[in-house]
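Each chain, letter by letter, is given below.
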Amino acid sequence: NKNMKASSKQLPIAEFEPPQPFKWNQYLVNGKKETWEGAFEDVYSPMGKVAKDGTTERVYLGASPTLDEATGLKALQAAKVAYNNGRGYWPTAGAPARIEAMEKFVSLMKEKREEVSTLLMWEIAKNKSAAYKEFDRTVDYINDTIEEYKELQRRGSHVASKDGVISQIRRGPLGVVLCLGPYNYPLNETFCLLIPSLIMGNTIVFKPAKYGVLLLTPLIDAFKEAFPPGAVNIVFGRGRTLAGPIMKTGDVDVLALIGNSKSSNALVAQHPKPNRLRQVLGLEAKNPAIVFDDANIDQAVKECVNGALSYNGQRCTALKLIFVHKSVSAEFRSKFTKAVDALVLDHPATDSTLTPLPERNKVEHMEAYVDDAVSKGAQVINKNAGRVSDTAFFPAVLYPVTDEMDIFHEEQFGPVVPIVEYEDLEEVMSSIAASDCGQQCSLFSDNELTIAYAVDNMVNQVCRVNINASCQRGPDYLPFTGRKDSAVATLSVHDALRSFSIRTLVATGTDQKQLFGNVISGGQSNWMTTDYLL
């Protein structure tokens, strides 16, 4: 690329042995692993290997099924029958049965830690420690969800009597859920949708993302063994072939998707009864950082480098636009570019900060952002920026960035970092308010008056304000959501259970006290019970 001096370093690919390739030909419908004999999609790693003639070739990991529309609709039908308008076994199961199933699943899942984490590293180039961390964090999330579900049931065991009415309030499932996860956290983010939805009694049709498919296959047996037939149905293939036709039936009650608003809008538009459709969405973000003139620059640089480039910036919570006050701009840029150029781009097995990019043509997309910005007056201000290979791109830092450039407005979702210099804070606030996104922001200042003013102006623009820290999702007990186009509903251990359920109550007059009490004490109703879960 003419705007960047590409690194001459090639990834040390020969010394790391990839997993043995395998062709996955199964899918899970109605509690049975079915065999697919149709078309397949070859799966390649973003990392390559050196061939005998000295050239670099892609590492083949295996193949996954590309199921057809009829098979997708078969999975939907299984979920629909299992839900049975809320009368099926799983939606009417008592809390102990659901907890037992979920505990069995997580126990079986933990046996696959090595296999899943290795595929996570090779399939989407997540560095080794991050791959294991994603697996472990997901296990913790499931266990925390089980505990929160118990607490939810404990509160629901209460019977109230007021104003002549006896009542019991619990949360019930919503119906059939179409679950579509993202490629960047294909295990953790996907399970943050799937697990709370499932434990609340919904039935699921789950399709993995385009990248990060094979890493989910070791868990198919765990789903099959832990949950009743039809509760979880897992299909593989293209969204247009599977998700669109499934939505057109009108039989989906909840769309659970982490991706972008274009995809979610297209799916929602295909549903014939949109008022019946609940949406739980994690969408795009353009999280800004504001570095004030009274900031600790060293701390701001450290947090902004991590926030912008952790997992190559392929996170919805990444810092994607950095506003720096003019008086500290030169110091910040000098230290920031030095810190970026000190990062290591390497094979993920080395635990390097930067790794190859799993999306096809992602390097070209990053170069396009750079070319557009440079054509409109920006410069690439760090030394090592540029293409390393067809799948690897060393981060490019752009300055000065203006609102005429594509990267000022669009979510780059990759290793290009735009820096905007400002003097008037109101212009910054206005641009953030005008953004279509509203997930998080980061504020960098050591002055309490500055922070107080900025917080008061930002809390109604975004849903999480980070003070002298980069944007992030965790810890998982905190709400995770966004304004505008960034999210619909709230995810966290506590909130996700509520996002995938609805309050339901049973009530009667006090003259029916004996009947109400007899139903409870008889122990024949899973719903009307005062059993206290320990």
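One structure accompanies this document, and this report is about it.

The next thing to look at is the overall build of the protein chain. When helices and strands are counted, the protein chain shows 17 helices and 25 strands. Relative to the 2.2 N^0.38 estimate, which gives 24 Å for 534 residues, the radius of gyration of the protein chain is 25 Å and therefore close to what a compact globule would have. By its C-alpha atoms, the protein chain is 80 × 65 × 40 Å across when sized along the principal axes. Here the protein chain, with 534 residues, has 56% of them falling under the buried criterion. Here the contacts in the protein chain between residues at least 6 apart in sequence split such that 74% fall between residues at least 24 apart. For the protein chain, the accessible surface area stands at approximately 22700 Å², while carbon and sulfur atoms represent 47% of it. Here the protein chain carries 57 positive and 63 negative side-chain charges, and the mean point of each set is 6 Å from the other.

Bringing the side chain of N188 into the picture now. The residue N188 is located in helix α6 (residues 188-199) in this model. Residue N188 is classed as buried on the basis of its relative accessible area of 2%. In this structure N188 touches E134, R137 and T138, once residues within four positions along its chain are discounted.

Let's shift gears to the pattern of salt bridges. Scanning the entire structure with this criterion turns up 25 salt bridges. Here E421 makes a salt bridge to R333, at a shortest N to O gap of 4.0 Å. Taken as a pair, E421 in strand β19 (residues 416-422) and R333 in helix α11 (residues 326-341) lie far apart in primary sequence, 88 residues in all. Exposure remark for E421: the relative accessible area of 30% places this residue in the partly exposed category. Through salt bridges that share partners, E148, E151, R154, R155 and R498 make up one connected network.

Here we come to empty space enclosed by the protein. Under the defined criterion, the tally for this structure stands at three cavities of 30 Å³ or more. Estimates place the volume of the largest cavity at around 90 Å³. Residues of the lining of the largest cavity, tallied by class, amount to seven nonpolar, five polar and one charged. As for the second largest cavity, its lining consists of A308, G313, A318, L319, K320, Q412, F413, G414, V416 and V417. Contributing elements (two or more residues each) for the lining of the second largest cavity: β14 (319-325) and β19. Among the residues forming the lining of the second largest cavity, the class breakdown is six nonpolar, three polar and one charged.

This part is about the nonpolar core. Within soluble globular proteins, side chains that are nonpolar tend to cluster in buried spots. Formed by 100 residues in total, the largest nonpolar core has its most connected members in F105, F191, F223, F227 and L255. Look past the residues within four positions of F227 in its chain and what remains in contact with it is W90, A101, M102, F105, L198 and V232. Residues L321, V380, V416 and A454 belong to the second largest nonpolar core, which totals 33 residues.

Turning next to the layout of surface pockets. The volume enclosed by the second largest pocket comes to roughly 800 Å³. What lines the second largest pocket is a set of 32 residues, and nearest its centre among them are K133, R137, Y185, S310 and R315. Where the lining of the second largest pocket is concerned, the elements lending two or more residues are α5 (128-156), α6 and α10 (297-309). Of the residues in the lining of the second largest pocket, the class split is nine nonpolar, 13 polar and ten charged.

Turning to the sheet that holds strand β7 (residues 165-173), a few remarks are in order. The three strands lie next to each other as β6-β7-β25, forming an open sheet whose pairing is antiparallel. Because the sheet does not close on itself, it has two edges, and the strands there are β6 (159-162) and β25 (501-509). Along the sheet, successive strands turn relative to each other by an average axial angle of 30°, direction set aside. When β7 meets β25, the two strands line up antiparallel, connected through nine bridges. The partner of I169 across the bridge, within β25, is L505. Contacts from helix α17 (residues 513-522) reach β6, β7 and β25, with the element oriented near 35° to β7.

Procedures and definitions
Residues numbered from 1 in each chain as written. Predicted model: local features only at pLDDT ≥ 70, side-chain atom pairs only at ≥ 80, totals over all residues. Heavy atoms only, no water. Helix = DSSP H or I, 4+ residues; strand = E, 2+ residues; numbered from the N terminus. Rg over C-alpha atoms; globule rule 2.2 N^0.38 Å. Buried < 20%, exposed > 50% of the residue type's maximum accessible area, 1.4 Å probe, protein only. Contact = heavy atoms within 4.5 Å. Areas by Shrake-Rupley, 256 points an atom, 1.4 Å probe, with all protein chains shown as cover. Lys, Arg positive; Asp, Glu negative; His and termini not counted. Charge placed at Lys NZ, Arg CZ, Asp CG, Glu CD. Salt bridge = Lys/Arg side-chain N within 4 Å of Asp/Glu carboxyl O. 1 Å grid on protein atoms, 1.4 Å probe; cavity = no way out; pocket = protein on both sides within 12 Å on 5 of 7 lines; lining within 4 Å. Points joined across faces, edges and corners; volume = space filled by probe spheres on them. Nonpolar A, V, L, I, M, F, W, Y, C, P; charged D, E, K, R; others polar. Core = buried A, V, L, I, M, F, W, Y, C linked by side-chain atoms within 4.5 Å. Pairing = 2+ DSSP bridges. Axes fitted to C-alpha atoms, helices over the stretch in contact; angles between N-to-C directions.

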